[in-house]
Amino acid sequence: MFGNKRIACWMSEKKSQKVKWAEFEQVCSNYGYELFKLDLEKDIENQGPFSVFLHKLTDIIALANQGDAKSKNTINLVENYISTHPEIIVIDPIPNVRQLLDRYKAYSIIHATDLHKHGVFTPNFCEITTSNNQKTVEELNAACVTYPFICKPSLGHGSKKAHEMLIVFNEGNLRDCKPPCVAQAFINHNAILYKIFIVGDQYYFVERPSLKNFHASDQKTIFFDSSDVSKADSQSSLSVLDLEDEQIPKTRPDPIILGKIACTLRKAFKMDLLGVDVVIENFTGKYAIIDVNAYPGYDGFPNFYHALLKCIVDQVNSGINTERKHNLKVDCLNIIKTN
Ligand SMILES: Nc1ncnc2c1ncn2[C@@H]1O[C@H](COP(=O)(O)OP(=O)(O)OP(=O)(O)O)[C@@H](O)[C@H]1O
Ligand SMILES: O=P(O)(O)O[C@H]1[C@H](OP(=O)(O)O)[C@@H](OP(=O)(O)O)[C@@H](O)[C@@H](O)[C@@H]1OP(=O)(O)O
Ligand SMILES: [Mg+2]
């Protein structure tokens, strides 16, 4: 019935549990596609043929990078299969996902875009690679990272540890940073964050809770788990504004700037499924990109499965490979729909 119009899908058990499979299958079927879950424990060839591979392999790629033999083998099998079937549309290409796993690399890619022309920046950042505090002070100074800063594990996905962070308020507590990690200047933004969810040429943004304003001081380091802060229903005590900050006026986000960010980062990362975390800096009104995620949760994205299928069909119909497609010049404001 579907011929080779088959979509193979792989994601972690945790993510899989959040998928409404019956609805997703129905939407695929409406677009003429059969959806099936690829089993990476079994021979891939025997499960083919398929024309589209939709995946979130970030955890396995991260484990493979850390030397885990089973994960290395799995990724090798997947990459070999893809290279012997170059006609398969892969969303998103594994080498492109790989570069997102390293926060330093990801911030460097954002920094190299021309988004600064639109009042958008990525906060000053540097890598912390040593426990030698004097060396770290030099690195921080060279990159103009001031206090307070957020210290994030270099590895941005793939384990609980990737989300264990700290806010460092002074030089005296630099020893709390456990390399390899990235120090990123803290941007005061009155505890409101915007998540831009990108699906090919469509995007949508939602407002989420975030961290309150902080200032350099002699206070002790704050340790937190990022997954407790900016989910739709998060109620972290770190998000409660100090009394004097409640008066700071709220800036409404400009959908055109968020669209520009979506379009620019889609091209820069050469990926279709991306989540971008943006905060608006108090008083300057500038937009700071603080995090980019592969295949995020899309919580709140209206008709997400339709958007995903449109993205898949666009790729299939383009008749050219992903690498070339993302290199095409496109007019950002035409291709990104506002919500
Ligand atoms: N530079 C920054 N300035 C101010 N607040 C920040 C900054 N970076 C991160 N935050 C806050 O910390 C939270 C977690 O940071 P980040 O998004 O980098 O973590 P993460 O583990 O990659 O999260 P996720 O993958 O769930 O999006 C953000 O949601 C935001 O509230
Ligand atoms: O937990 P949620 O469903 O919301 O999705 C989160 C997603 O987990 P998932 O892979 O299980 O979807 C996370 O992936 P890992 O870093 O853990 O790989 C990361 O992309 C978060 O940014 C997403 O949160 P959001 O940015 O969308 O709020
Ligand atoms: Mg985030």
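Residues numbered from 1 in each chain as written. Chains lettered and ligands numbered in written order. Predicted model: local features only at pLDDT ≥ 70, side-chain atom pairs only at ≥ 80, totals over all residues. Heavy atoms only, no water.

S.K.: I would appreciate a short explanation of the site of ligand 1 in the present structure.
M.R.: Not every one of the 23 residues close to ligand 1 is listed here, only the nearest: Lys 152, His 163, Ser 210, Ser 226 and Ser 230. Contacts to ligand 1 include Asp 291, whose side-chain N or O atom sits 2.8 Å from an oxygen atom. Compared with its free state, where it exposes 620 Å², ligand 1 has 95% of that area covered by protein. Contributions of two or more residues to the shell around ligand 1 are made by strand S7 (149-153), strand S9 (181-185), strand S10 (192-199) and strand S14 (287-294). The element best represented in the shell around ligand 1 is S14, accounting for 3 residues. Along the lines of polarity and charge, the residues of the shell around ligand 1 split into 10 nonpolar, 7 polar and 6 charged. (Near = heavy atom within 4 Å. Polar contact = N/O pair within 3.5 Å; in protein donor to acceptor, adjacent residues only side chain to side chain. Areas by Shrake-Rupley, 256 points an atom, 1.4 Å probe, with all protein chains shown as cover. Helix = DSSP H or I, 4+ residues; strand = E, 2+ residues; numbered from the N terminus. Nonpolar A, V, L, I, M, F, W, Y, C, P; charged D, E, K, R; others polar.)

S.K.: Explanation requested: the packing of helix H3 (residues 58-65) against helix H4 (residues 69-84) in the structure shown.
M.R.: When two helices pack together, their arrangement is given by the angle between the helix axes and the distance between those axes. Two numbers describe how H3 lies on H4: the axes approach to 7 Å, and their chain directions differ by 120°. One element, H3, and the other, H4, form an angle in the oblique class. The element H3 and its partner H4 pack so that their crossing is left-handed. Taken together, the residues of H4 that come into contact with H3 (itself represented by Ile 60, Ile 61, Leu 63 and Ala 64) are Ser 71, Lys 72, Thr 74 and Ile 75. Residue composition of the contact of H3 with H4, by class: 5 nonpolar, 2 polar and 1 charged. (Axes fitted to C-alpha atoms, helices over the stretch in contact; angles between N-to-C directions. Parallel < 35°, antiparallel > 145°, perpendicular 65-115°, else oblique. Left-handed = near helix turned anticlockwise from the far one by under 90°. Contact = heavy atoms within 4.5 Å.)

S.K.: Looking at this structure, I do not really get the sheet that holds S14. What am I missing?
M.R.: What holds strands together in a sheet is hydrogen bonding between their backbones, with the strands either parallel or antiparallel. Read across the open sheet, the 5 strands follow the order S5-S14-S13-S10-S11; overall the sheet is mixed. Each edge of the open sheet is held by one strand with a lone partner, namely strand S5 (120-121) and strand S11 (202-209). (Pairing = 2+ DSSP bridges.)

S.K.: I tried to follow the packing of aromatic side chains on my own but got confused; where do I start?
M.R.: When we look at a pair of aromatic rings, we describe it by the centre distance and by the angle of the planes. All told, the structure shown has 18 aromatic pairs when counted by the stated rule. Taking the centre distance of 5.3 Å and the plane angle of 25° together, the rings of Phe 50 and Tyr 81 count as stacked. Remark: Tyr 81 occurs in helix H4 and Phe 50 occurs in the loop between strand S2 (34-37) and strand S3 (52-55); sequence separation between them is 31 residues. Taking the relative accessible area as the measure of exposure, Phe 50 reaches 3% and is therefore buried. Considering the side-chain rings of Tyr 104 and Phe 125, the 5.4 Å spacing of their centres and the 65° angle between planes classify their relative orientation as edge-to-face. With Tyr 104 in helix H6 (residues 103-111) and Phe 125 in strand S6 (residues 125-128), this residue pair connects regions lying 21 residues apart in the sequence. Feature note: the residues Trp 21, Phe 24, Phe 197, Tyr 204, Tyr 295, Tyr 298, Phe 301, Phe 304 and Tyr 305 constitute an aromatic cluster, connected by ring pairs. (Phe/Tyr/Trp six-rings, centres within 6.5 Å; stacked < 30°, edge-to-face > 60°. Buried < 20%, exposed > 50% of the residue type's maximum accessible area, 1.4 Å probe, protein only.)

S.K.: Looking at this model, I keep getting lost on the UniProt feature "binding site: Mg(2+) 2" (unreviewed entry) in the chain. Mind explaining?
M.R.: Residues annotated by UniProt as "binding site: Mg(2+) 2" (unreviewed entry) correspond here to Asp 291 and Asn 293. Residue placement: Asp 291 occurs in strand S14. On the basis of relative accessibility, which here comes to 14%, the residue Asp 291 falls in the buried class. In this structure Asp 291 touches Arg 103, Tyr 107, Gly 275, Val 276 and Asp 277, once residues within four positions along its chain are discounted. (UniProt positions renumbered as here; feature names shortened; annotations may be inferred.)

S.K.: Which parts of the structure should I look at to understand the side chain of Arg 208?
M.R.: Along the chain, the position of Arg 208 falls in strand S11. Lacking a salt bridge, the buried Arg 208 has Asp 299 as its closest oppositely charged neighbour, with an N-O distance of 4.1 Å. When neighbours within four sequence positions are excluded, Arg 208 is seen to be in contact with Ala 191, Ile 192, Leu 193, Lys 195, Phe 197, Ser 230, Lys 231, Ala 232 and Asp 299. (Lys, Arg positive; Asp, Glu negative; His and termini not counted. Salt bridge = Lys/Arg side-chain N within 4 Å of Asp/Glu carboxyl O.)

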